[in-house]
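Now for the letters of each chain:
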Amino acid sequence: MEFFAYQQSDIPEIQALFHQTFADSEGEAEGKIIGELAAELLTRTPQEDLYCFVAKNENNKELAGCIIFSRMQFEQPVTAFILSPVAVLTPYQGQGIGQKLIRFGLDKLRQDGVELAFTYGDPSFYYQVGFEQIPETHIKAPQPLSYPIGWLAQSLTEAAVPHIPGKSSCVPALNNAEYW
Ligand SMILES: CC(C)(COP(=O)(O)OP(=O)(O)OC[C@H]1O[C@@H](n2cnc3c(N)ncnc32)[C@H](O)[C@@H]1OP(=O)(O)O)[C@@H](O)C(=O)NCCC(=O)NCCS
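Here is a short report on the structure shown in this document. No experiment lies behind these values; they were computed from the predicted model shown.

1. Quick look at helix α3 (residues 97–111)
Right, on to step 1. Here α3 contains 15 residues, and its C-alpha end-to-end distance of 21 Å stays within 8% of the 21 Å for a straight helix at 1.5 Å per residue.
Right, on to step 2. Those residues of α3 that sit buried are Ile 97, Gly 98, Leu 101, Ile 102, Gly 105, Leu 106 and Leu 109. Summarising the axial view, the buried residues of α3 lie within an arc of 165°, below the 170-degree limit, and thus occupy one face.
Right, on to step 3. Looking at the residues trailing α3, positive phi occurs at Gly 113, about 85°.

Below you can see the structure in the form of structure tokens.
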């Protein structure tokens with residue numbers, strides 16, 4: 001498996017990958033929603049507010065996995081991105097690809113001076129790649145959380161995850177209550 005930053009020409013295959021993976025795990029309707037979210041993030045978000053990385057099968061060049069990070073902002077200057085969504089195609093799951101791809105992405109962000117990474121999902125999966133639960137009293141999410149234990153962050157510097165008072169915001173494509 002090889003890991004790369006995405007290219008614009010990957011967008012249709014990325015949308016299909018998210019659609020198929022989430023259709024397999026959550027049903028067709030959710031697959032369609034997350035496929036469209038991925039496409040919207042990649043087409044509507046300014047390049048400086050976005051990172052997207054893919055895992056490619058080096059034999060057949062098929063995309064096996066994809067992760068998207070988009071910028072979060074606070075009432076004070078902090079360089080932060082949120083990882084969402086994440087998918088590894090069903091036949092490739094459980095082989096360590098998701099974790100390797102996330103570590104690859106976090107390393108790139110760290111090299112670019114990003115200070116904090118957030119995500120929102122199953123803590124038991126994301127603990128394995130360095131995320132920790134954060135109470136909303138510590139750092140507020142951009143939208144009300146339907147699953148507060150899934151609000152997670154990690155520091156990409158030597159400092160601990162700080163307390164950041166005030167509101168947070170995410171890019172428009174993610175700023176929809178149904179995703180939170
Ligand atoms: C979650 C996902 C990205 C993980 O990718 P992967 O390549 O299968 O994961 P890895 O092989 O790197 O890691 C496997 C570990 O993650 C855990 N894991 C895998 N999928 C998980 C899930 N949906 N929830 C919780 N833990 C999960 C496994 O138990 C395993 O842990 P172990 O090694 O301690 O047994 C992938 O399974 C997927 O795309 N699932 C469907 C879509 C989804 O749920 N996306 C994430 C939304 S938060």
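2. Quick notes on helix α2 (residues 28–44)
Right, on to step 1. Between its terminal C-alpha atoms α2 stretches 24 Å, which fits the 24 Å expected from 17 residues at 1.5 Å a residue.
Right, on to step 2. All of the buried residues in α2 are Gly 31, Ile 34, Gly 35, Leu 37, Ala 38, Ala 39, Leu 41 and Leu 42.
Right, on to step 3. The secondary structure elements touched by the buried residues of α2 are α1 (11–26), β2 (50–56), β3 (63–74) and β4 (80–88).

3. Thoughts on the pattern of salt bridges
Right, on to step 1. By the definition in use, this model includes six salt bridges.
Right, on to step 2. For the salt bridge of Glu 36 with Lys 32, the shortest nitrogen-to-oxygen distance reads 3.0 Å. One end of the pair, Glu 36, and the other, Lys 32, are both in helix α2, four residues apart, so they sit about a helical turn from each other.
Right, on to step 3. Under the relative-accessibility criterion, Glu 36 is labelled partly exposed at 38%.
Right, on to step 4. You can call Lys 32 partly exposed: its relative accessible area is 43%.
Right, on to step 5. Linking Glu 40 and Arg 44 is a salt bridge whose minimum nitrogen-to-oxygen distance equals 2.3 Å. With a gap of four residues between them, Glu 40 and Arg 44 both fall in helix α2, about one helical turn apart.
Right, on to step 6. Given the relative accessible area of 28%, Glu 40 is considered partly exposed.
Right, on to step 7. Given a relative accessible area of 52%, Arg 44 falls into the exposed group.

So, how was this worked out
Residues numbered from 1 in each chain as written. Predicted model: local features only at pLDDT ≥ 70, side-chain atom pairs only at ≥ 80, totals over all residues. Heavy atoms only, no water. Helix = DSSP H or I, 4+ residues; strand = E, 2+ residues; numbered from the N terminus. Expected span 1.5 Å × (residues − 1). Buried < 20%, exposed > 50% of the residue type's maximum accessible area, 1.4 Å probe, protein only. Arc of directions from axis to C-beta. Contact = heavy atoms within 4.5 Å. Salt bridge = Lys/Arg side-chain N within 4 Å of Asp/Glu carboxyl O.

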